[in-house]
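Here are the chains, one letter per residue:
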Amino acid sequence: MIRIEELQKSYGAVKALDGVTLHIGEGELFAYLGPNGAGKTTTIRILNGLTRKGGGRVRLNGFDIDHESRQAKRQCGFVPQHLNLDSELTVRENMDIHGRLFDMSGAARRRRTDELLEYVELGDRWDSPVKQLSGGLKRRLMIARALMHEPRILFLDEPTVGLDAGIRRRIWALVKRVQQDGTTIFLTTHYIEEAEFLAGRVAFLDQGRVVAVDTPASFMERLGQWAVDHLEEEGIRTAYFHDNDEAKAYAESLPNEFSLRRVNLEDAFLAQTGKKVKP
Ligand SMILES: Nc1ncnc2c1ncn2[C@@H]1O[C@H](COP(=O)(O)OP(=O)(O)OP(=O)(O)O)[C@@H](O)[C@H]1O
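Looking at an unreviewed UniProt entry, one finds the protein chain named ABC transporter related protein and attributed to Pelobacter propionicus.

Encoded structure:
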């Protein structure tokens, strides 16, 4: 369970977070969606005790991050956006160091490493130096490492950035499995389809503020099921329809080229903020 109340953070004159309030239930897979610079990483770093907040309150499974920081930290596993494995060490050694940081005994570290490397399908690579792993395998190792101390909340900051589509889907399957095994997941992404596929609920973040929170399906249903894009002088104009026949009739009445497609979360984000998630 994550309770964020009126979270604030400024860097000089830049207001990175301007009063973020979010309540996320146990076992939810929650996506935090926004364009570059919206404040996603800042939020996730504050929740993990890596950046100091300017104001507001945060509780992680009931533990206050200011007054019960040690217990709050133990609740969390964090997979940062940039690879931060020790590339000279082996897969198993990277897992082991993390276990030591959380004061796990040698036996507990060995048992948990075996279990997790099987879980993320890296069991046959335990002795490989990390520098020999592909990008997708490194991501899986980072997820396994974050789960080492059995956190009940997993933070994933852009977990599939830079990976190709097939590998991204394997990571999605792993993330779903972690959630199904009872872990609360807080995911930041600017891949719309990632949020659409994975998340039970989504928050739209823009310039440090949460502009809307809902399920992907509800966001999209409000607009309709079908979108017709066509080019006008000012740029692309999109019209939304609940009925496919109406969408087709409208599209065919247009003087120039059009595209008829399904509504997606990007449309919902655009409708709420006037901006696209992807620049
Ligand atoms: N250490 C820092 N010093 C100064 N400004 C910062 C710092 N970290 C973040 N910012 C600024 O705070 C704002 C929010 O940044 P943040 O990295 O949280 O956004 P983001 O949504 O995670 O973006 P991205 O998708 O690019 O990672 C941006 O304007 C950014 O330039």
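**Student:** Help me understand unusual backbone geometry, please; the structure alone is not making it clear to me.
**Tutor:** Where the residue is not glycine, phi is negative for most of them; where a peptide bond is considered, it is trans in most cases. The phi dihedral of E121 is positive, around 60 degrees, even though this residue is not glycine. Here E121 is to be found in the loop between α4 (106-119) and α5 (135-146). Classification of E121 as partly exposed rests on a relative accessible area of 48%. The phi dihedral of E150 is positive, around 55 degrees, even though this residue is not glycine. The residue E150 is located in the loop between α5 and β7 (153-157) in this model. According to the relative accessible area criterion, E150 is partly exposed, its value standing at 47%.

**Student:** Before we go on, may I ask you to explain the UniProt feature "domain: ABC transporter" (unreviewed entry) in the protein chain in this structure?
**Tutor:** Mapped onto the present numbering, the UniProt feature "domain: ABC transporter" (unreviewed entry) falls at residues 2-232. The span residues 2-232 shows a helical share of 35% and a strand share of 29%, and its end C-alpha atoms are spaced 44 Å apart.

**Student:** Would you mind showing me how to read helix α8 (residues 216-223) here?
**Tutor:** Taken as a whole, α8 has its buried residues at P216, F219, M220 and L223. The buried residues of α8 occupy an angular sector of 90 degrees when projected down its axis, which confines them to one face. Looking at the buried side of α8, the elements it contacts are α7 (192-198), β9 (201-206), β10 (209-214), β12 (235-241) and α10 (265-273). Of the residues one or two after α8, G224 is the one with positive phi, at around 130 degrees.

**Student:** It is not clear to me how the side chain of K40 should be interpreted in this structure. Could you clarify?
**Tutor:** Tracing the chain through its elements places K40 in helix α1 (residues 40-47). No salt bridge is formed by the buried K40, whose closest oppositely charged neighbour, E158, lies at an N-O distance of 4.3 Å. The residues contacting K40, other than those within four sequence positions of it, are Y32, L33, G34, P35, E158, T188, T189, H190 and L205.

**Student:** Looking at this structure, I do not really get the nonpolar core. What am I missing?
**Tutor:** Nonpolar side chains in soluble globular proteins generally cluster together in the buried interior. Ranked by internal contacts, the top residues of the largest apolar core, which has 51 residues, are L141, I143, L154, F204 and L265. No other element matches α5, which puts 6 residues into this core. When we break this core down by domain, the ones giving at least three residues each are domain 1 (2-218) and domain 2 (224-273). Ignoring anything within four residues of it in the chain, the contact list for F204 reads L33, R209, V210, V211, A212, F219, L265, A268, F269 and Q272.

**Student:** Explain the packing of α5 against helix α6 (residues 165-180) to me, please; I cannot follow it from the model alone.
**Tutor:** The angle between the axes and the distance between the axes are what describe a pair of packed helices. Direction vectors running N to C along α5 and α6 enclose 15 degrees, while the axes themselves pass 10 Å from each other. Taken together, the axis directions place α5 and α6 in an arrangement best described as roughly parallel. Viewed along their axes, α5 and α6 form a crossing whose handedness is right-handed. Each of G136, R139, R140 and I143 in α5 lies in contact with α6, whose residues at this interface are I167, R170, I171, L174 and V175.

Rules used in this analysis
Residues numbered from 1 in each chain as written. Predicted model: local features only at pLDDT ≥ 70, side-chain atom pairs only at ≥ 80, totals over all residues. Heavy atoms only, no water. Helix = DSSP H or I, 4+ residues; strand = E, 2+ residues; numbered from the N terminus. Buried < 20%, exposed > 50% of the residue type's maximum accessible area, 1.4 Å probe, protein only. UniProt positions renumbered as here; feature names shortened; annotations may be inferred. Arc of directions from axis to C-beta. Contact = heavy atoms within 4.5 Å. Lys, Arg positive; Asp, Glu negative; His and termini not counted. Salt bridge = Lys/Arg side-chain N within 4 Å of Asp/Glu carboxyl O. Core = buried A, V, L, I, M, F, W, Y, C linked by side-chain atoms within 4.5 Å. Domains from an automatic or database assignment. Axes fitted to C-alpha atoms, helices over the stretch in contact; angles between N-to-C directions. Parallel < 35°, antiparallel > 145°, perpendicular 65-115°, else oblique. Left-handed = near helix turned anticlockwise from the far one by under 90°.

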